[in-house]
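As a plain string of letters, each chain reads:
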Amino acid sequence: MSPTPPRVLVTAASKHGSTMEMADFLARALQESAAGRRCGLVAQALPVERRPDPSHSDAVVLASAVYAGRWLEPARHYAAEQAAALRGRPVWLMSSGPIGQPPFPPDEPHDAEPIGTMLGARGHRVFPGRLDKHLLTIGERAMVTAMRAPVGDFRDWDAVRAWAEELAAEVAGLVADSSSAPVTAPS
């Protein structure tokens, strides 16, 4: 009997679609990675608003867009609501938000560390995001103008793909380790 291919859930909170596009890309990159192809890894990207059940996955990447130094409320709520199930499997966090050169803002989201600690996350990556004024509300445009925030698409697809390679290798190793663990009969 061949081992079941590892399943990875990539779930994201995205305000204007950029972070969800990154989650979709990450899921594809996980499957297309060398380690992912070797073990038949299956990855699915779903919005956190759909409240995907993490217990059906061997590993989870929880992602959020970052605004004003914080994750979006749907991502924070999902982490709290699914904490027990998420702590039972490997979890990584992904933040999308800094824009421009050098990245602005330069610091990590305020809530990523407490969320990571609550979930026992194995790591957290911050990737540059996209700022498209046409997608913003009037209030958001005013804030972006006042802050002189750089406008454009700063997402680094090569960096996301490289992280997918790392994650796929780690997930494949974890699944292989758990499937090769000896089964002992109760005494």
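Above this text you will find the structure in question.
So, here is what we can say about the structure in this document. Keep in mind that what you see is a predicted model, and the values were worked out from it rather than measured.

Conventions we followed
Residues numbered from 1 in each chain as written. Predicted model: local features only at pLDDT ≥ 70, side-chain atom pairs only at ≥ 80, totals over all residues. Heavy atoms only, no water. Axes fitted to C-alpha atoms, helices over the stretch in contact; angles between N-to-C directions. Helix = DSSP H or I, 4+ residues; strand = E, 2+ residues; numbered from the N terminus. Parallel < 35°, antiparallel > 145°, perpendicular 65-115°, else oblique. Left-handed = near helix turned anticlockwise from the far one by under 90°. Contact = heavy atoms within 4.5 Å. Salt bridge = Lys/Arg side-chain N within 4 Å of Asp/Glu carboxyl O. Buried < 20%, exposed > 50% of the residue type's maximum accessible area, 1.4 Å probe, protein only. Arc of directions from axis to C-beta. Core = buried A, V, L, I, M, F, W, Y, C linked by side-chain atoms within 4.5 Å.

As a further point, take the packing of helix H3 (residues 73–81) against helix H5 (residues 112–119). Relative to each other, H3 and H5 sit at 20°, their axes nearing to 10 Å. Between H3 and H5, the interaxial angle falls into the category roughly parallel. Pair H3 / H5 crosses with left-handed handedness. Every residue of H5 that contacts H3 at Arg76, Ala79 and Ala80 is listed here: Ile115, Met118 and Leu119.

Under the counting rule described, the total for this entry stands at nine salt bridges. A salt bridge links Asp58 to Arg7, with the nearest nitrogen and oxygen atoms 4.0 Å apart. Here Arg7 lies in strand E1 (residues 7–13) and Asp58 lies in the loop between strand E2 (42–47) and strand E3 (59–67), a separation of 51 residues in the sequence. A salt bridge links Arg70 to Asp111; its shortest N-O distance comes to 3.7 Å. Linking Arg70 in strand E4 (residues 70–71) with Asp111 in the loop between strand E5 (91–96) and H5, this pair joins segments that are 41 residues apart in sequence. With a relative accessible area of 39%, Arg70 lands in the partly exposed category. Take Asp111: its relative accessible area is 8%, and that puts it in the buried class. Bridged by salt links that share partners, the residues Arg70, Glu73, Arg76 and Asp111 form one connected network.

On to H5, then. What H5 keeps buried is the set Ala112, Ile115, Gly116 and Leu119. Burial along H5 is one-sided: seen end-on, the buried residues are contained in an arc of 100°. The outward face of H5, more than 90 degrees from its buried face, is lined by the exposed residues Glu113 and Thr117.

Relative to the assigned elements, Trp157 resides in helix H7 (residues 157–180). The class of Trp157 is partly exposed, set by a relative accessible area of 28%. Separated by 132 residues in the primary sequence, Trp157 and Phe25 have C-alpha atoms spaced 8.2 Å apart. The residues touching Trp157, leaving out its near neighbours within four places in the chain, are Glu21, Met22 and Phe25.

What follows is about the nonpolar core. With 28 residues, the main nonpolar core has Val8, Val10, Leu26, Leu30, Val61, Met94 and Trp163 as its most contacted residues. When residues of this core are traced back to their parent elements, those giving at least two are E1, helix H1 (18–32), E2, E3, E5 and H7. Broken down by element, the residue count for this core peaks at eight residues, all from H1. Once residues within four sequence positions are removed from consideration, Val10 is found in contact with Ala23, Leu26, Ala27, Leu30, Gln44, Ala45, Leu46 and Val61. One finds Val48, Leu72, Ala75 and Val91 within the second-largest nonpolar core, a separate group that totals 20 residues.

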